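Examining the three-dimensional arrangement
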Amino acid sequence: MKTEISKIIILFVFLLSLLISIPPTGASYSFEGIPLTPDAQGTFQGEVYIDGGHGLAFPPYSENFSVPDGTVRWARLYIGVWGGTENYEGWVQPKFNGQKLEQLPLAGVNDESKDVYCAGHGVYWVSYDVSNITKNGKNMVNVLTSKGEPGNKLDGRVYGAVLAAACENKKASTVSYQLLSGNVNLHGKGWSGTLANSNDVTNVNFSCGQALSSKDAANLSVVYLTGTKGLPDYLEFNGKMLGTSPKNLSEKYGENVRDVADEISNDAYGGEGPISRYFDIESFNVLDYLQANNSAAFLRGIDMNGDGEIDEQEGEDYLHPVLAALILTSKDTASVLPDLYPEMNASENELVDGTPAKVSFTINNPGGICDQNCTVSFRVDGNEVSTIPIQMTASGVYSSSISWPAVKGKHLLELSVNPKNSINESNNENNACALNVNVKSKPDLSVSLGDPVKIETKTEAASSSIICLSFLSILGSRRKKPILLLLLAVFLIMALSGCVEESHATEKNCYSIPVKIVNNGEASARNFDVNISLDGKSVTVLNIPELAGQKTIVNDIQVETLSGEHTIKAKVDENNHIIESDDDNNEFEASRNFT
């Protein structure tokens, strides 16, 4: 009876874990940056407002916005902050329309906040949902950072502030749009030329406008951080180069050169705009370049001299595209229904047997505005294991994740939105998506130590030193130095000739010992230590960033000790950082003869 009750409890806990939909985790720091992904999208009558500025400056940093008429359906505030390096930490806190917003930590390499994107050497792009406090007409933000706070090292200057808002107005034209946000670090070999690789281009794809019967206008808005005037950079839309050639560069490089991120905002077509240090916001008319599927490419430079590299005069050293929005306008004002479709992904690192795997998903709505409740159905291998209630928002993007107790083997994951058709949509055929996953067995680490090999040391230098001292002593005696120098000379010569007994018996030697580390499991083991000791005393700790499944690595360590028998010991993952299938084979100990 007790056994049956236990089984019921275990089954209940298992099913409960499947029902839990957890919010997305934070955006981890990445030197290369975070790709631009949808923050908002949809189709409605009205206007999408995007504006901001005004360039790098010390806090308190203020910016004004003028939001058009209409009902504000959603709004996001974006702020760029310079950290100084990725190793400094601090905070940012804006006050928007007189209301203090959350103080967000700027933690650099330790960043885990879902609303903070940190890339490169401490370039931050931070976002806030201000839908409920954005108003028509004048809006104002005041930004404070930890700059000036006792003990603070964060640079804390603000690059700029940007407000994006959707204003619904039944008297206006229909717009279909998609706004992407992220923080990509386009870079060369670095200011000192020591970076191992370069990151020259990033591409973004747009999926909007399918609901429009006609398109009368099309604008691409972009925002950059860290751009420098006088260094070329380029923006392409569907393969077409945007912008105009600046005079200061065209005379040197020709009419095809561009400098979009030139620290002057709103000068995309060559006109005058406000100076905005290390910050650029631009808008381009792309109606003539529209295709069925649209994309943009941000290029930090172009190899103009054909030497195979983008040198410091051919492109930006560092350039951070952080926002891109495609806004299509149609005079057709026919009502548009919502169009929900899901996307799903699971990191390979999460797919380990017996470990809760995070399956991330996004419900998209590029159609008419929908802010209703609906459900999401999650299936594994054809069996429905959970039904999750969600509420779509006017921004047209709902992101979350499901915790799934992964089981070894290949599985088919399926996700469907609005399975009971409670929301009237323009297309019900795209309401489901599928993902094939392979869940690997846990890592299984083991370690062993090979035979020590003596590293021969050169003795010529020591002998030469003794001979040198001997001759100096004799030379000193010839110059009538004290008698002690003569005695020193005699002693050294006797030592060289073997007349004085040497104490080599207590001399330590240097030995090389091979350390063999094996992962017999299928999943990778990441960031673990191997502790090595000699006769019970620790001699070194090896840190292994990653060891793939079914792989072996051998590292050589060096120790100094007396010749003879010694006990050597190695233990892998002593603190049990790695969840393994077998922890009993993590230690090796043996007696070895050091000769």
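Description of the structure in this document. Note that the coordinates shown come from a computational prediction; the quantities given were computed from them, not determined experimentally.

Reading guide: rules and limits
- Residues numbered from 1 in each chain as written.
- Predicted model: local features only at pLDDT ≥ 70, side-chain atom pairs only at ≥ 80, totals over all residues.
- Heavy atoms only, no water.
- Helix = DSSP H or I, 4+ residues; strand = E, 2+ residues; numbered from the N terminus.
- Buried < 20%, exposed > 50% of the residue type's maximum accessible area, 1.4 Å probe, protein only.
- Contact = heavy atoms within 4.5 Å.
- Areas by Shrake-Rupley, 256 points an atom, 1.4 Å probe, with all protein chains shown as cover.
- Phe/Tyr/Trp six-rings, centres within 6.5 Å; stacked < 30°, edge-to-face > 60°.
- Pairing = 2+ DSSP bridges.

Scanning the chain for helices and strands turns up four helices and 35 strands. Relative to its 595 residues, the chain shows a buried fraction of 47%. A separation threshold of at least 6 residues defines the contact pool for the chain, and within that pool the share at least 24 residues apart is 76%. Here the chain displays about 29600 Å² of accessible surface, and carbon together with sulfur accounts for 50% of that area.

Throughout the structure, instances matching the rule amount to seven aromatic pairs. When the centroid spacing of 5.6 Å and the interplanar angle of 80° are considered together, the rings of Tyr-224 and Phe-298 count as edge-to-face. Of this pair, Tyr-224 sits in strand S15 (residues 217–225) while Phe-298 sits in strand S19 (residues 294–299), and the two are 74 residues apart along the sequence. Here Tyr-224 falls in the buried class, since its relative accessible area comes to 0%. We classify Phe-298 as buried; its relative accessible area is 0%.

In sheet architecture, strand pairing relies on hydrogen bonds along the backbone and comes in two forms, parallel and antiparallel. Spatial ordering of the open sheet is given by S14-S19-S16-S17, a layout of four strands whose pairing is antiparallel. With partners counted over all chains shown, the strands left at the sheet margins are strand S14 (201–206) and strand S17 (240–241), one partner each. Looking at chain direction, S14 and S19 are connected through six bridges and run antiparallel. Across the sheet, residue Asn-205 finds its bridge partner in S19, namely Ser-295.

Two strands pair when backbone bridges link them, and strand S23 (residues 373–380) and strand S24 (residues 383–391) are joined in this way by eight bridges, in the antiparallel orientation. Considered in S24, the bridge of Thr-375 is made with Pro-389. What sits between S23 and S24 in their antiparallel hairpin is a turn of two residues, with Asp-381 showing a positive phi close to 55°.

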